[in-house]
Every structure is written in structure tokens, then in C-alpha cells.
Amino acid sequence: MPAVQVDEVFKVFGRQPEQAVARLRQGASAAELRAAGSTAAVIDVSFSADPGEIFVVMGLSGSGKSTLIRMLNGLLAPTAGRVHIGDTELTALDPAGLRRLRQEHISMVFQHFALLPHRSVAENAAYALEVRGVDRRTRLAAAREALELVGLQGWADHRPDQLSGGMQQRVGLARALAAETDVLLMDEAFSALDPLIRREMQDQLLELQRRFGKTIIFITHDLNEAMRIGDRIAVMRDGRIVRTGTPGEILAEPGDEYVASFLADVDRARVFTASDVMTPLPADVDATASTVSARAPLADLLTTAAGTDRPLVVEDSGGRRLGVVTRTALLAALGGETPDGDHRPAAAAGPRQGPQILEGLRA
């Protein structure tokens, strides 16, 4: 069963929203609705996210992605359509049921931290548990444990204004972890951070995901970020999802010029992973062979592959062996050609990287 299921969801603001949805279903454009005094923010969106998946919704400002995520926890009610969290239909709940669902199954991390300035870092991290009615001793112990997980041990008794922006965002992440919910919603959570801190937070999120396997719906306008952290990505434009797929699938087949326009500056050697180029695990694989994570970017495999002729064994987060990456397969992927000779330009390194990468491996 999907952890999150969205079926034919619309959100229209303005006059006569139900009639506007009917017009959209009959083929009217968003521009035609605007002329009639309505704004279609989300149009006929359907998708599902599996348990333990990072599902990224990517789009420019005004594409509808933030409106969409607010319908996933009931902050906004859809004009039409249904949202399920697990086996619970969120869109059918009364206010009391919606509050219970939020407290027990959904956490949210906002772009601008949403910390309470008059409370300590630990009290902020424990806030969701406080709302749930957990006793003070238990909730503060859980909060301190979560703060340690995000690298903020020793900061529990400080105030939020004593922390940097990146540290404040870690408090928001700790609050979500302390709540121990099934689903984590992240709305442009790293967008307010400078590039170095932003990458550190992406690393932090991926490490926590390896440990806890949350279902994460992550909103961003940055395709490199989407490609780096997403198991699958949905690209939104003008309220609609125009492309859904894994990072590799979207790079291989953008689908239209709008999606393709985002891909020009994508660092492909850091988008494609070991799982994208691995081959089946041979029966006689060397037990002492080097292992790599299935999510390891090709760029991270280069040094290891250049130093050995033995295949690299690909493992999942639980240590299960999935396949191998050979030097030949890695060269073929970075060169845009599969080992059997079929061209696969999606896995090619960008023009600034390709010659240096291939030359180093061939040396």
C-alpha cells in the first residue's frame, strides 16, 4: 500500500471553484479560468509515494508545488480529488480526525524554520510531542536524542536566535524525527540556506533516510537538489505534473522542452548512481571486493574504479548485495554508451567533466 496516495486533486481559488474544476475537466485552460476570476493552483494531480521513498516535487515559483504539499496535511482542502495517508483518507476526515492524523502520522519541515523564539532548542524539538500530550520528561528525552541525530548535541538548552540558519533548520528536522511519524513533508526546507550548508543538509537528510526509511515528500525549485536526493521526481508546471520518473529516467527522456530546459546544467556524474549502471551479481563474485552503496553517485565511484580492475559490489541500505559495477560499465555509462553498444546519453557526464573522468579511468 502506498504511504501517500493522491488521486485527481484540484485546487482552485476564487469564484465558483467547483464550476471551475468542471471546466478544467472539459478542457478549459488555466488562462481561461483567470479571465473568469478563478485561479487554478493545482490541476488534476495524481501520484503515489511508497513507504521509505523520497518523492520530490520540483517546479518553479507559481507551479503549484507548495499548494500541493499543503493539501497533503490538510492545511488546504482540495476543491476536488482525494488524498490518502496510508489507509486513511485525509480528505474525508473531520477536524478532530485531521488533528489526530497530523499528530500521529505526518510531520512537516518548513523553509523558514518555524521555531518558537521564546523556547529552548530542546523545547522546540519536543513541540510536536507536547501537542500530542506526551509528558515533559519523555518528550525532552526524545528531543535530545533527535538533536544528537542531527548533530546538535550540546545545543539543547540554547535559544533559536543563538543558532545559525543551518542549525535552526536542523532543529526543525529534529522536531520531525522526535515526532516519529510515518510521513515527512518538506516544503523548500533547504532553500533559505547558503550552498555549502544546503549540501550538508542534503547529506544529513540522506544519512537519516538510510537509518530510518521515512516516507518523504520533498518540495524544491532546484533540479540538482531534486536529482541528488529523490528516488523519484514529479515536475510541475502551471499546476499540473508534466513528468514523473527516477532521476535517470527524466534525464534520459525529459518528455518535453520545458523539462529539458532544466537539464542543461545538471551534474550527471552526481545524479546517476551505482544502481543505474550495475549488472547482475555473478555467482563467483569475490567476497573481498570493495562495496558501494546503490545510491552512490558515479562521481564517487571514480577513484575506486580507477584503482582496481575488480568489479565493485553494489549494496542496498541493509547490506544486501544487488549487483556489480565493472570498470567497463562505468566507462560506458560516462561515455553515453551501454556495454552492449546501445547509446544511452542520459548517463553521460556533462561536457565539463566527461574528458577528465574518462581519461582518469583509462589511465
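Residues numbered from 1 in each chain as written. Predicted model: local features only at pLDDT ≥ 70, side-chain atom pairs only at ≥ 80, totals over all residues. Heavy atoms only, no water.

Enquirer: How would you sum up the nonpolar core? Please name residues and give values.
Expert: With 65 residues, the main nonpolar core has Leu-173, Met-186, Met-227 and Leu-301 as its most contacted residues. It is helix H8 (residues 165-179) that provides the largest number of residues to this core, a total of 7 residues. Domain assignment of the residues forming this core places at least three in each of domain 1 (47-266) and domain 2 (269-335). In this structure, Leu-301 is in contact with Ala-274, Val-292, Ala-296, Leu-312, Val-325 and Leu-330, ignoring residues within four places of it in sequence. (Core = buried A, V, L, I, M, F, W, Y, C linked by side-chain atoms within 4.5 Å. Buried < 20%, exposed > 50% of the residue type's maximum accessible area, 1.4 Å probe, protein only. Helix = DSSP H or I, 4+ residues; strand = E, 2+ residues; numbered from the N terminus. Domains from an automatic or database assignment. Contact = heavy atoms within 4.5 Å.)

Enquirer: Could you give an account of H8, naming the residues involved and the relevant values?
Expert: Along its 15 residues, H8 runs 22 Å from first to last C-alpha, staying within 8% of the 21 Å computed at 1.5 Å per residue. With respect to burial, H8 is a largely interior element, 14 of its 15 residues being buried. (Expected span 1.5 Å × (residues − 1).)

Enquirer: Just give me the short version of the sheet that holds strand S14 (residues 321-325), but keep the residues and values in it.
Expert: An order of S11-S14-S13-S12 is seen for the 4 strands of this open sheet, with the pairing classed as mixed. Two strands in the sheet have a free side with no partner beyond their single neighbour: strand S11 (279-280) and strand S12 (291-293). Direction of pairing for S11 relative to S14: antiparallel, over a ladder of 2 bridges. From the neighbouring strand, Thr-279 faces S14, where its bridge partner is Val-324. (Pairing = 2+ DSSP bridges.)

Enquirer: Lay out the domain arrangement of the protein in plain terms, naming residues and giving numbers.
Expert: Along its sequence, the protein is carved into domain 1 (47-266) and domain 2 (269-335). With centres defined by C-alpha atoms, the gap from domain 1 to domain 2 works out at 30 Å. Domain 1 puts 12 residues into the contact, and the matching count from domain 2 is 5 residues. A combined buried area of about 660 Å² lies between domain 1 and domain 2, and 57% of that area is made up of carbon and sulfur atoms. The interface formed by domain 1 and domain 2 holds 0 salt bridges in total. The interface formed by domain 1 and domain 2 contains 0 residue pairs in polar contact (both at pLDDT 80 or more). Elements with a minimum of two residues in the side of domain 1 that touches domain 2: helix H9 (195-212), helix H10 (223-229) and helix H11 (247-252). Residue classes in the side of domain 1 that touches domain 2 are distributed as 6 nonpolar, 2 polar and 4 charged. (Buried area = accessible area lost by both parts, 1.4 Å probe. Salt bridge = Lys/Arg side-chain N within 4 Å of Asp/Glu carboxyl O. Polar contact = N/O pair within 3.5 Å; in protein donor to acceptor, adjacent residues only side chain to side chain. Nonpolar A, V, L, I, M, F, W, Y, C, P; charged D, E, K, R; others polar.)

Enquirer: Tell me what's going on with the pattern of salt bridges, and back it up with residues and numbers.
Expert: Considering all chains together, one arrives at 14 salt bridges under this definition. Of the charged contacts, one joins Arg-170 and Glu-200 as a salt bridge, the two residues approaching to 4.0 Å between their closest N and O atoms. Remark: Glu-200 occurs in helix H9 and Arg-170 occurs in helix H8; sequence separation between them is 30 residues. You can call Glu-200 partly exposed: its relative accessible area is 35%. A salt bridge links Arg-210 to Glu-207, with the nearest nitrogen and oxygen atoms 3.2 Å apart.

Enquirer: Can you lay out the side chain of Glu-53 for me, pointing to particular residues and giving the numbers?
Expert: You can see Glu-53 is positioned in the loop between strand S2 (38-49) and strand S3 (54-58). Here the side chain of Glu-53 touches Asp-50 through a polar contact of 2.8 Å, landing on its backbone nitrogen. When neighbours within four sequence positions are excluded, Glu-53 is seen to be in contact with Ser-48, Gln-209, Lys-214, Thr-215, Ile-216, Asp-231 and Arg-232.

Enquirer: How would you explain the packing of helix H7 (residues 136-149) against H8 if you had to name every residue and give the values?
Expert: Between H7 and H8, whose axes approach to 8 Å, the crossing angle comes to 125°. The angle between the axes of H7 and H8 places the two elements in the oblique class. Between H7 and H8 lies a crossing of right-handed hand. Contact residues: Ala-142, Ala-143, Ala-146 and Leu-147 in H7; Ala-174, Leu-177 and Ala-178 in H8. (Axes fitted to C-alpha atoms, helices over the stretch in contact; angles between N-to-C directions. Parallel < 35°, antiparallel > 145°, perpendicular 65-115°, else oblique. Left-handed = near helix turned anticlockwise from the far one by under 90°.)

Enquirer: Tell me what's going on with the packing of aromatic side chains, and back it up with residues and numbers.
Expert: Taken as a whole and judged by the stated rule, the model has 2 aromatic pairs. When the ring of Phe-47 is compared with that of Phe-55, the centres are 4.6 Å apart and the planes differ by 5°; the resulting orientation is stacked. Residue Phe-47 is classed as buried on the basis of its relative accessible area, which comes to 6%. (Phe/Tyr/Trp six-rings, centres within 6.5 Å; stacked < 30°, edge-to-face > 60°.)

Enquirer: Can you break down the sheet that holds strand S1 (residues 4-14) residue by residue, with the values?
Expert: Spatially, the 4 strands line up as an open sheet ordered S2-S1-S4-S5, and their pairing is antiparallel. The sheet is open, and its two borders are formed by S2 and strand S5 (88-89), each paired with just one other strand. Bridge count between S1 and S2: 8 bridges; the pairing is antiparallel. Its bridge partner being in S2, Val-9 is matched across the sheet by Val-45. Along the sheet, helix H1 (residues 17-25) makes contact with S1, S2 and strand S4 (80-85), crossing S1 at roughly 115°.

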